[in-house]
Amino acid sequence: MLNVDLHTHSDCSDGDLSPESLVLDAARAGVECLALTDHDTVAGLARARKAAQAHGIDFINGIELSVSWRGRTLHIVGLAINPDTPALSTLIDELQKARDERATRLAGKLEKLGVADCLARARALSAPAPPGRPHFARLLAEDGLCSSLSDAFKRHLRPGRAAHVKAQWAELQQTIEAIAAAQGVAVLAHPLSYGMTAAWQDRMLTAFKAAGGQAMEVVCGAYNPQQIRRCAELATRYRLMGSVGSDFHSPAQRWLRLGRPLRLPPQLSPVWQRLHGGPPAGLEGVA
Ligand code: MN
Ligand code: MN
Ligand code: MN
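Note that the structure is predicted; figures quoted are calculated from it, not measured.

Conventions adopted
Residues numbered from 1 in each chain as written. Chains lettered and ligands numbered in written order. Predicted model: local features only at pLDDT ≥ 70, side-chain atom pairs only at ≥ 80, totals over all residues. Heavy atoms only, no water. Helix = DSSP H or I, 4+ residues; strand = E, 2+ residues; numbered from the N terminus. Buried < 20%, exposed > 50% of the residue type's maximum accessible area, 1.4 Å probe, protein only. Contact = heavy atoms within 4.5 Å. Polar contact = N/O pair within 3.5 Å; in protein donor to acceptor, adjacent residues only side chain to side chain. Donors = N, O, S within 2.8 Å, 3.2 Å for Na, K, Ca; no water. Arc of directions from axis to C-beta. Core = buried A, V, L, I, M, F, W, Y, C linked by side-chain atoms within 4.5 Å. Pairing = 2+ DSSP bridges. Axes fitted to C-alpha atoms, helices over the stretch in contact; angles between N-to-C directions. Parallel < 35°, antiparallel > 145°, perpendicular 65-115°, else oblique. Left-handed = near helix turned anticlockwise from the far one by under 90°. Nonpolar A, V, L, I, M, F, W, Y, C, P; charged D, E, K, R; others polar. Salt bridge = Lys/Arg side-chain N within 4 Å of Asp/Glu carboxyl O.

(A) Inspection of the environment of Glu101 at higher detail. Examined against the element boundaries, Glu101 turns out to sit in helix H3 (residues 86–113). With relative accessibility at 45%, the residue Glu101 sits in the partly exposed group. Placed 75 residues apart in sequence, Glu101 and Ile176 show a C-alpha to C-alpha distance of 23 Å.

Below you can see the structure in the form of structure tokens.
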């Protein structure tokens, strides 16, 4: 069975490892086909690809794009994208601006709560990537305004709390069109992780399919066998190809390691067989 992982992060977004270290760790863990899918950036792809060539891993260009859909945030992974596509670059610029605005507003709120010099400290923590909510959570913990990172989210950062900031991301249609313009495949990420009822999952998948979405993640690093069965059922019903990905961010997440075999249920068609730069012809169908 081919060892495939099509959802990982580096320190070009909110991961802990450089693109080179991520690829090295993946190679050591037995990954044979890897996609780097940093949040709203393609900054790490060239470095990761170079490292993957050195380690004999098949590398797939990826990105995880943030979408606002009916008041919720969804994540759409683009696989086998051409990162130099103007429509994609425009979308990425808009998303980076939205991230920056969110960080500035969030820092303003946290300064009022007593976190001094918040934005500059968050930027220092997150560099080279722009600061995200986990970085602000660390500052809250450092300054004694909460007991842990999860406590920071519970007390201050989640919806309804003083430092919650709602971000406005891109539209679903524009996002899927940008991925298509970049010759990529649009994959709905972690479909069961949006806190939706089954009825909302149906609405989401109907909208995703109507907008031109082609695949969904079925095996995610954190999903149990029952969740994987549920995803497989949805992929079959909506005629979507299946994808597999750990959503690896850091070696500190011990429950979510690189290289664990992520087995796609056999009735689904594997998205990696469609990707250029994917497994060589001889390996197709082996997974
Ligand atoms: Mn992340
Ligand atoms: Mn995600
Ligand atoms: Mn992710």
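(B) Structural context of the environment of Arg49. With respect to the helices and strands, Arg49 occurs in helix H2 (residues 45–55). A relative accessible area of 30% means that Arg49 is categorised as partly exposed. It is 14 Å that separates the C-alpha atoms of Arg49 and Ile63, two residues lying 14 residues apart in sequence. If near-sequence neighbours (up to four positions away) are discounted, Arg49 is found in contact with Phe59, Ile60 and Asn61. Looking at Arg49, its side chain comes within polar contact range of the main-chain oxygen of Phe59, at 3.4 Å.

(C) Seen up close, the coordination of the manganese ion (ligand 1). With distances of 2.0 to 2.2 Å, the protein atoms coordinating the manganese ion (ligand 1) are Asp14 (OD), His39 (NE2) and His249 (NE2). If you list the donors of the manganese ion (ligand 1) from N- to C-terminus, the spacing comes out as D-x24-H-x209-H. We classify Asp14 as partly exposed; its relative accessible area is 29%.

(D) Fine view of the coordination of the manganese ion (ligand 2). For the manganese ion (ligand 2), the full set of protein donor atoms is Glu64 (OE), His75 (ND1) and His190 (NE2), at a range of 2.1 to 2.2 Å. The metal-metal distance between the manganese ion (ligand 2) and the manganese ion (ligand 1) comes to 5.7 Å. Taken as a pair, Glu64 in strand S3 (residues 58–69) and His190 in the loop between strand S5 (185–188) and helix H8 (198–210) lie far apart in primary sequence, 126 residues in all. You can call His190 buried: its relative accessible area is 11%.

(E) How the structure looks around helix H6 (residues 149–157). Those residues of H6 lying buried are Asp151, Ala152, His156 and Leu157. An end-on view of H6 places all buried positions within 155 degrees of arc, on one side of the element. The secondary structure elements touched by the buried residues of H6 are H3 and helix H5 (133–142).

(F) Layout of the nonpolar core. Of all hydrophobic cores here, the largest spans 76 residues; its most connected members are Leu6, Leu79, Met216, Val218, Val271, Trp272 and Leu275. Per-element accounting of this core gives the leading share, six residues, to S3. Contacts of Leu79, omitting those with residues within four sequence positions, involve Leu6, Ala35, Thr37, Ile60, Asn61, Gly184, Val185, Val187, Ser243, Val271 and Leu275. Formed by 17 residues, the second largest nonpolar core is a distinct cluster that contains Ala103, Cys118, Phe136 and Ala137.

(G) Quick look at the sheet that holds strand S6 (residues 215–220). Taken in spatial order, the seven strands line up as S1-S2-S3-S4-S5-S6-S7 in an open sheet, and their pairing is mixed. Only two strands of the sheet have a single partner each, and these edge strands are strand S1 (4–5) and strand S7 (241–245). The pairing of S1 with strand S2 (residues 33–36) spans two bridges and is classified as parallel. By the bridge assignment for S2, Asp5 is matched with Leu34. Relative to S3, helix H7 (residues 172–181) is tilted by about 165 degrees, and along the sheet it contacts S3, strand S4 (72–79) and S5. Sheet contacts for H8: S3, S4, S5 and S6; angle to S5, the most-contacted strand, approximately 175 degrees.

(H) A look at the packing of H8 against helix H9 (residues 225–237). Taken N-terminus to C-terminus, the directions of H8 and H9 make an angle of 40 degrees; their axes are 11 Å apart at the nearest point. Classified by the interaxial angle, the pair formed by H8 and H9 is oblique. For the pair H8 and H9, the sense of crossing is right-handed. The residues of H9 that touch H8, namely those facing Ala198, Gln201, Asp202 and Leu205, are Arg230, Leu234 and Arg237. For the contact of H8 with H9, the class distribution of residues is three nonpolar, one polar and three charged.

(I) Spotlight on the pattern of salt bridges. Evaluated as defined, the whole model comprises eight salt bridges. Of the charged contacts in the structure, one is a salt bridge between Asp40 and Arg99, with a shortest N-O distance of 2.9 Å. A residue pair is termed long-range when its members are at least 10 positions apart, and Asp40 in the loop between S2 and H2 and Arg99 in helix H3 qualify at 59 residues. For Arg123, the salt bridge identified is with Asp100, shortest N-O distance 3.4 Å. Linking Arg123 in helix H4 (residues 118–126) with Asp100 in helix H3, this pair joins segments that are 23 residues apart in sequence.

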